[in-house]
Amino acid sequence: MSTVDLEAKIPNNVGLRDNKRLLRALEKWQPAFLQWWRDMGPSDFNMNDIYLRTAVGVGKGGWAHFDYVKMPDYRWGIFLADGVEDRKIHFGDNIGASVWSEVPGEHRNRLRRLIVTQGDTEPASVEQQRRLGHTAPSLYDMRSLFQVNVEEGRHLWAMVYLLHTYFGADGREEAEAMLDRHSGDSDSPRILEAFNEPIDTWLDFFCFTTFTDRDGKYQLASLAESGFDPLARTTQFMLTEEAYHMQTGENGMGRIAHRAAELVRDGVDPMSVGAIPLEMIQRYINFWASRSMDLFGGEDSTNAAESFASGLKGRYREGDGIYRDARALESAYQMKVPDGDHLVDREIPLRRAMNALLLDAYRADCVRISQRWNRDLQKLGVDFQFEIPSTRFNRNQGVYSHYRFTPQGEMISESEWTKRHHEWLPSQKDRDYVKSCMVAVHEPGKFANYISPPSMGVNEQSVDFEYVKFH
Ligand code: BYC
Ligand code: FE
Ligand code: FE
């Protein structure tokens, strides 16, 4: 097991103490990060005591510690999962070779690009969510928001560690640029589209943590298979934190739906009491699910093929031995692609379809989550079921972009789309209404009227625990 240095200015288990050059570089970046947090992170509440979990180690049990912390005092640390001795590359062209502990020259640019793209999303999400604290529907939810925010900050640290350690001067430059691009900025936006979308309401937040953080899970899991060992170990540990982010989303969406369904069951129009109708929730799901599907890139991608071939990015759970052909050279991926005004069958060599494979696994996971919400609606006796849109619906990346589809994946004309897209995607009226529901509730154990209380609190505390202190 690695030794964890918790006393250091930057808590870590990577032996920073003994690497003076790296330590100096990271300690130089640290004030820039803190300044970014003040300028672009949560727009307030930095002086409140928040009941937060902090990563303090990488062991299976007991890797985190809960206590009241002011966010700027959060101990952002660098933690890598423990290495596996004599680990070999287990997919692609370099199968059987020892994993890299330094950057292989021929893959340097591609690797840097993957790490920068991953890193860029982390601070982006904090920027997107920066004003939400003001309308938190409860102290419990406010705590969840800030928990997610500080951990996305730590994920940025994780990628910056890799850039500083393995990419020399251009790595340091990329690390600085992480704090210079900003979500939604017209001159220097974040790299991927979903991370430039505004998150103005808690419905957007819970959709984002359900659907966009879940892309994070699948991307991180593929990078955790990497033949570049430091990347594999960093992302493995990030996944332990990611689970809570997705849980926040699933739980939040479930509670908003539960509240609406209770009202419907009782014959009350949700909009008459500041709650959110199920059909409107579905439109938000359609928006964020489709925007998040874009994060997988194109279904047919030579970038993806090369990342796989070189051993940089594997398939989901590649290491569990669930794929027959570890080189992915023997089979093809079947899909329907647009050709004029209809769909035709196409075969894509498997390596080029890596993004599509990962997207399929992702969508199946989203369907599982929606089925849990649906079981609750059923229990309440409400005749409504959420649906995850088809991977063709409302896409801006990949083979389906520039074509129009219904959420069920049926191809339609532009004029049909113009007539009907307000049935499927949030309209300005929806957005204004949802915004009008956002009221701040600061009394422990109380919740805004559009959201049900959770069934339990955090870390075995009660639901009415004082998760955020207002002195
Ligand atoms: N928006 O070959 P293609 C997370 C670009 S989330 C804008 O089809 P490729 C988190 C692409 O860059 C996980 N541009 O796809 C969640 C390329 O540009 P160039 C983040 C896009 O490259 C919540 C061109 O289109 N991690 O952690 O195989 C909170 C053609 O691309 C988009 C990663 O993404 C888009 N949506 O796949 C906090 C992992 N999609 O090269 C955090 C690292 C594609 O022509 N990234 N493009 O200039 C990757 O593995 C890949 O870069 C992607 C794209 C999967 C994103
Ligand atoms: Fe993250
Ligand atoms: Fe996350």
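In this text the structure is predicted, and so the values were computed from the model without any measurement. (Residues numbered from 1 in each chain as written. Chains lettered and ligands numbered in written order. Predicted model: local features only at pLDDT ≥ 70, side-chain atom pairs only at ≥ 80, totals over all residues.)

Novice: Which residues make up the sheet that holds strand S1 (residues 49–55), and what values do they have?
Specialist: Read across the open sheet, the three strands follow the order S2-S1-S7; overall the sheet is antiparallel. Strands with a single pairing partner mark the edges of an open sheet, and in this sheet they are strand S2 (64–69) and strand S7 (468–469). Sheet analysis places S1 next to S7, joined by two bridges and oriented antiparallel. Across the sheet, Ile-50 pairs through a bridge with Val-468, a residue of S7. (Pairing = 2+ DSSP bridges. Helix = DSSP H or I, 4+ residues; strand = E, 2+ residues; numbered from the N terminus.)

Novice: Tell me about helix H4 (residues 168–180), residues and numbers included.
Specialist: Compared with the 18 Å implied by 1.5 Å per residue over 13 residues, the 19 Å span of H4 between its first and last C-alpha is a close match. All buried positions along H4 are accounted for by Gly-171, Glu-174, Ala-175 and Met-178. In a view along the axis of H4, the buried residues occupy a sector of 100°, so they form one face of it. Along H4, exposed side chains directed more than 90 degrees from the buried face belong to Ala-169, Asp-170, Glu-173 and Asp-180. (Expected span 1.5 Å × (residues − 1). Buried ≥ 20, exposed ≤ 12 C-beta atoms within 10 Å, placed from the backbone. Arc of directions from axis to C-beta.)

Novice: Kindly report on the site of ligand 1, identifying the contributing residues and their values.
Specialist: Among the 24 residues in the neighbourhood of ligand 1, the closest are listed as Gly-216, Gly-297, Gly-298, Ser-301 and Asn-303. With six residues, the top contributor of residues to the shell around ligand 1 is helix H2 (residues 108–128). Residue classes in the shell around ligand 1 are distributed as five nonpolar, 13 polar and six charged. (Near = placed C-beta within 6 Å. Nonpolar A, V, L, I, M, F, W, Y, C, P; charged D, E, K, R; others polar.)

Novice: I'd like to hear about helix H3 (residues 139–166), residue by residue, with values.
Specialist: With 28 residues, H3 should reach 40 Å at 1.5 Å per residue; the first-to-last C-alpha distance of 41 Å fits that figure. The buried count for H3 comes to 27 of 28 residues, which makes it a mostly enclosed element. Looking one or two residues beyond H3, the residue adopting positive phi is Gly-168, at roughly 55°.

Novice: Help me get a handle on the environment of Ser-301, residues and values and all.
Specialist: When you line up the elements, Ser-301 lands in the loop between helix H7 (278–293) and helix H8 (302–309). It is 7.6 Å that separates the C-alpha atoms of Ser-301 and Met-354, two residues lying 53 residues apart in sequence. With residues up to four places along the chain from it excluded, the contact list for Ser-301 reads Arg-352 and Asn-355. (Contact = placed C-beta atoms within 7 Å.)

Purely geometric stuff here, so don't read any function into it on its own.
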